[in-house]
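Architecture at a glance
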Amino acid sequence: MHDDDLVIVGAGPYGLSVAAHAAARGLDVRVFGRVMRSWHTMPPGMLLKSEPWASDLSDPAGAHGLAAYAATRRVRVEHGVPLPVGFFAAYGEWFARRAVPDVDPRTVVAVRPRPHGGFTVTTEDGQETGTHTVALALGGTPFLDVPAALRPFVPHHVTHSSDLPDPARFAGRDVTVVGAGQAALETAVLLTEAGAHARVVARSPRLVWNSVPPSLRRGAWEAARAPHTGLGCGWRNLLYARTPGAFRRLPGPTRERLFATALGPAGAWWLRHRFEAVPDVRLGRSVVAARPAGDGRLLLTLAGAGPGAPVTEVETDHVVAATGFAPRLDRLDPLCPQVREELRTVGPGGAPEVSGRFEASYPGLFLAGLVTAPAYGPAMRFVYGAGYTAERLVRGVERRLRSPRPTAVPAARPGPAGASRDAGGTVATPG
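Residues numbered from 1 in each chain as written. Predicted model: local features only at pLDDT ≥ 70, side-chain atom pairs only at ≥ 80, totals over all residues. Heavy atoms only, no water.

The protein appears in an unreviewed UniProt entry as Lysine N(6)-hydroxylase/L-ornithine N(5)-oxygenase family protein from Streptomyces changanensis.

Printed below as a string of structure tokens:
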């Protein structure tokens, strides 16, 4: 069996960017997955929250940015003017045709190590491919997070916002959206505009809206007070955007806390006036229980925070959980359990640790995208982080290809049940 230098699992912004850099470096690279799959499944009418200039996929020459694609479509990209998600998905396909070797649309179902180094990658039809290194760029799909009370009702009565079909199918129906971030607020707006009765339930006591971005051309004082970054204005955002490597040197628990709290839930400024049409907004409430109510509906129990908080119930036809993602090792499909159990973690939350070249603690396994956000910071939650990742990950692959091949599969180190290994290889029991 011929071994590729690198197999990339996933053909979204991060997978395509890594592939472009690898191909430009002369590596024998193969990419599996449907190009921009999750972006194509987003509801019609959804807009890109990030600025166009912060939404480029990455190639070494910088020749295939979003503005270059827009020019081929005679579309002008402007600061402060959101673009349709469908337009961005089409841009990803254009990028793939120009900067990436042929993408195999088959789904990878298994990645297994070989006794003397490298991996065997198996696709849905059973075909096996040998490779010296693997990069998992799985996007957010494996990590969709749904509140525990709602999980038994997925997918018939509960849908994650990333899997929501055309909102028009819910016209005339009652839909409850759980969450307070952009995905929740925009979903509620799209449902309302499609003729549904949309309800927002959020544990946050208030909604947060991003402010209108200032002009790119500003005076020195204004620019110094709130510098533009690919993650929004401000010095803290500048640190997250420009110094992911410094973020990775923080203690694991600190990184996990910042991943969970930095750039918290907020709606885009351009959505705020449209959100006024949403008829039912219940803040400071969480879904604590759910049960069938007959006629295909769900009865949700909502409770406020703290003891003695009021409890209410609502009936709804469907629930959309816009409740984010949980990047953990146990969701790293299709990676085999043998390797997952060997990987070190950032901290007790179970997110995988990666090196300065995005290599996991298992030799030859590289990770890209959302799954690295607890290690490298908020930039990896956005397309903006793809350039930083691709350049360094491909350097790591080249370094690994020059390294001596391991002679045996590393054995998992023993530890107490329920424990996870932190960045230094020590055992940390979850609190």
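On we go.
Focus on the nonpolar core
Heads up, the condition is: Throughout this description, the term nonpolar core refers to a set of buried Ala, Val, Leu, Ile, Met, Phe, Trp, Tyr and Cys residues connected via side-chain atoms within 4.5 Å. Buried residues are those whose accessible area, probed at 1.4 Å on protein chains only, stays under 20% of the maximum for their type, while exposed residues exceed 50% and partly exposed ones sit between those limits. Put simply, DSSP marks the helices as runs of H or I at least four residues long and the strands as runs of E at least two long, and each gets a number from the N terminus on. In this description, contact between two residues means that some pair of their heavy atoms is separated by no more than 4.5 Å.
By size, the foremost hydrophobic cluster in this structure holds 84 residues, and its most contacted members are Leu16, Phe95, Val111, Leu136, Leu332, Leu343 and Leu365. With ten residues, helix α4 (residues 85–99) is the single largest residue contributor to this core. Setting aside chain neighbours within four positions, we find Leu16 in contact with Ala11, Val35, Met36, Leu57, Gly92, Phe95, Ala96, Val100 and Val103. Grouped together as the second largest cluster of nonpolar side chains are 23 residues, Leu164, Leu185, Ala268 and Ala322 included.

Side note on the sheet that holds strand β11 (residues 286–294)
Quick note on the threshold: In short, DSSP must find at least two bridges between two strands for them to pair. For helices, the axis comes from a line fit to the C-alpha atoms of the stretch in contact; other axes are also lines fit to C-alpha atoms, and the angle between any two N-to-C directions lies between 0 and 180 degrees.
With respect to topology, three strands assemble into an open sheet ordered β11-β12-β13, the strand pairing being antiparallel. Each having just a single partner strand, β11 and β13 (311–316) make up the two edges of the open sheet. Each adjacent strand pair in this sheet contributes to an overall mean axis angle of 25°, direction not counted.

A word on the UniProt feature "domain: FAD/NAD(P)-binding" (unreviewed entry) in the protein
Put simply, the rule reads: UniProt positions are given in the numbering used here, feature names are shortened, and annotations may be inferred rather than shown by experiment.
Per the UniProt record, "domain: FAD/NAD(P)-binding" (unreviewed entry) is annotated on residues 5–224. The span residues 5–224 is 25% helical and 20% strand by assignment, and the distance between its end C-alpha atoms comes to 45 Å.

Quick notes on α4
Quick note on the threshold: A helix's residues, less one, multiplied by 1.5 Å, set its expected span.
Over its 15 residues, α4 extends 21 Å from the first C-alpha to the last, a length consistent with the 21 Å expected when each residue adds 1.5 Å. Counting buried positions along α4 gives eleven out of 15 residues, so the element sits mostly inside the fold. Of all the positions in α4, only Val85, Phe87, Phe88, Ala89, Ala90, Tyr91, Gly92, Trp94, Phe95, Ala96 and Ala99 are classed as buried. Check the buried side of α4 and you find it contacts α1 (13–24), α2 (37–40) and α3 (66–72).

Section: the sheet that holds strand β14 (residues 318–321)
Read across the open sheet, the five strands follow the order β7-β14-β8-β9-β10; overall the sheet is parallel. The open sheet terminates on both sides in strands that have one partner only, identified here as β7 (158–160) and β10 (280–283). In this sheet, neighbouring strand axes are inclined to one another by 20° on average, regardless of whether the strands run parallel or antiparallel. Direction of pairing for β7 relative to β14: parallel, over a ladder of three bridges. Bridging across to β14, His160 finds its partner in Ala321. Those strands touched by helix α5 (residues 182–193) are β8 (174–178), β9 (197–202) and β14, and its axis lies near 170° from that of β8.

Looking at helix α13 (residues 386–402)
For α13, with 17 residues, the first-to-last C-alpha span of 24 Å sits near the 24 Å given by 1.5 Å per residue. Taken together, the buried positions of α13 are occupied by Ala386, Tyr388, Thr389, Ala390, Leu393, Val394, Gly396, Val397 and Glu398. Here the buried face of α13 lies against β1 (3–9), α1, β6 (128–136), α8 (244–248), β15 (365–367) and α12 (373–376).

So, the environment of Leu66
By the secondary structure assignment, Leu66 is in helix α3. Discounting chain neighbours no more than four positions away, the residues touching Leu66 are Pro52, Ser55, Asp56, Leu83, Phe87 and Tyr91.

Let's talk about the packing of α1 against α4
The geometry of a pair of packed helices is captured by two quantities: the angle between their axes and the separation between those axes. For the record, the criterion: Orientation labels follow simple angle bins: below 35 degrees gives roughly parallel, above 145 gives roughly antiparallel, 65 to 115 gives roughly perpendicular, and whatever is left gives oblique. Left-handed is the label given to a crossing in which the near helix is rotated counterclockwise from the far helix by less than a right angle, and right-handed is the label when the rotation is clockwise. Throughout, the ten residues Ala, Val, Leu, Ile, Met, Phe, Trp, Tyr, Cys and Pro are labelled nonpolar, Asp, Glu, Lys and Arg are labelled charged, and all others, Gly among them, are labelled polar.
One way to put it is that α1 packs onto α4 with a least axis distance of 10 Å and a crossing angle of 20°. Regarding the angle of α1 to α4, the classification is roughly parallel. In this structure, α1 crosses over α4, and the sense of that crossing is left-handed. Residue-level contacts link Pro13, Leu16, Ser17 and Ala20 of α1 to Phe88, Gly92, Phe95, Ala96 and Ala99 of α4. Of the residues belonging to the contact of α1 with α4, the class tally is seven nonpolar, two polar and no charged.

Points about the packing of aromatic side chains
Heads up, the condition is: The criterion for an aromatic pair is that two Phe, Tyr or Trp rings (for Trp, the six-membered ring) have centres within 6.5 Å, with stacked assigned to planes under 30 degrees apart, edge-to-face to planes over 60 apart and tilted to the rest. Only lysine NZ and arginine CZ atoms are considered, and such an atom sits over a ring when it is within 6 Å of the ring centre and within 35 degrees of the ring normal.
The full count for this structure, using the stated rule, is 13 aromatic pairs. Seen in terms of ring centroids, Tyr91 and Trp94 are 6.1 Å apart; in terms of plane orientation they differ by 35°. Their pairing is tilted. With Tyr91 and Trp94 both in helix α4 and three residues apart, the pair spans about one turn of that helix. Of the two residues examined, Tyr91 and Trp94, each falls in the buried class. Here Phe119 and Tyr362 contribute two aromatic rings whose centre-to-centre distance is 5.9 Å and whose plane-to-plane angle is 50°, an arrangement assigned as tilted. On the criterion of sequence distance, the pair formed by Phe119 in strand β5 (residues 119–123) and Tyr362 in the loop between α11 (337–340) and β15 is long-range, its members being 243 residues apart. Under the relative-accessibility criterion, Phe119 is labelled buried at 1%. Three or more aromatic residues joined by ring pairs make a cluster, and in this case those are Trp39, Tyr69, Phe87, Phe88, Tyr91, Trp94 and Phe95. Here the guanidinium or amino end of Arg169 rests over the ring plane of Phe170, the centre of that ring lying 5.5 Å away. Cation over ring: Arg392 sits above Tyr388, and NZ or CZ is 3.6 Å from the ring centre.

Brief notes about the pairing of β6
With seven of its nine residues buried, β6 lies for the most part within the structure. Here six bridges tie β1 to β6, and the two strands are oriented parallel to one another. When the sheet's bridge partners are listed, Leu6 is paired in β6 with Thr133. Summarising the sheet, β5 and β6 pair through four bridges and their orientation is antiparallel. When the bridges of β6 are listed, Thr120 appears paired with Gly130. Hairpin connection between β5 and β6: a loop of four residues separates the two successive antiparallel strands, and Gly126 in this loop has a positive phi of roughly 90°. Judged from the three bridges that link them, β6 and β15 form a sheet pairing that is parallel. For Val134, the partnering residue across the bridge sits in β15 and is Leu365.

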